[in-house]
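Listed here are the chains, written in short residue letters.
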Amino acid sequence: KPAPSAATPPPQPAVVVSVARNGQNIGNFDLQTFRQNITTGVFLPTDHYWTQGMAGWELVANYKG
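Residues numbered from 1 in each chain as written. Predicted model: local features only at pLDDT ≥ 70, side-chain atom pairs only at ≥ 80, totals over all residues. Heavy atoms only, no water.

(A) Layout of the sheet that holds strand E2 (residues 24-30). In space, the four strands of this open sheet follow the order E2-E1-E3-E4, with antiparallel pairing throughout. With one partner strand each, in any of the chains shown, E2 and strand E4 (58-59) form the two edges of the open sheet. Sheet topology note: the strand E1 (residues 16-21)/strand E3 (residues 48-51) ladder contains four bridges and is antiparallel. Paired with Val 19 across the two strands is Tyr 49, which belongs to E3. Most of the contacts of helix H1 (residues 31-39) go to E2, to which it runs at about 120 degrees, and overall it touches E1, E2 and E3. (Pairing = 2+ DSSP bridges. Helix = DSSP H or I, 4+ residues; strand = E, 2+ residues; numbered from the N terminus. Contact = heavy atoms within 4.5 Å. Axes fitted to C-alpha atoms, helices over the stretch in contact; angles between N-to-C directions.)

See below:
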């Protein structure tokens, strides 16, 4: 009986980051888009973000990605 070939691990679930401005959710973004929007100034340092596993919302200015 042949040994099973090394199975490809399942893809990691996409990280979804929620972003809020002035208390209003402005959308959910994948991690790559979230980082890009910080770099390009789409998100403001005063916006807040949250992703699963975080205790609470954090300022975008504090993001250490």
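The discussion continues.
(B) Highlighting the nonpolar core. Counting seven residues, the largest nonpolar core consists of Val 17, Val 19, Phe 29, Phe 34, Phe 43, Tyr 49 and Val 60. Val 19 has contacts with Gln 24, Asn 25, Ile 26, Gly 27, Phe 29, Phe 34, Phe 43, Asp 47, His 48, Tyr 49 and Trp 57, leaving out every residue within four places of it along the chain. (Core = buried A, V, L, I, M, F, W, Y, C linked by side-chain atoms within 4.5 Å. Buried < 20%, exposed > 50% of the residue type's maximum accessible area, 1.4 Å probe, protein only.)

(C) Spotlight on the packing of aromatic side chains. According to the stated counting rule, one finds five aromatic pairs in the structure shown. Relative to Phe 43, the ring of Phe 34 has its centre 5.7 Å away and its plane inclined at 40 degrees; by these criteria the two rings are tilted. Among the residues examined, Phe 43 registers a relative accessible area of 4% and is labelled buried. What links up through ring pairs into an aromatic cluster is the set Phe 29, Phe 34, Phe 43, Tyr 49 and Tyr 63. (Phe/Tyr/Trp six-rings, centres within 6.5 Å; stacked < 30°, edge-to-face > 60°.)

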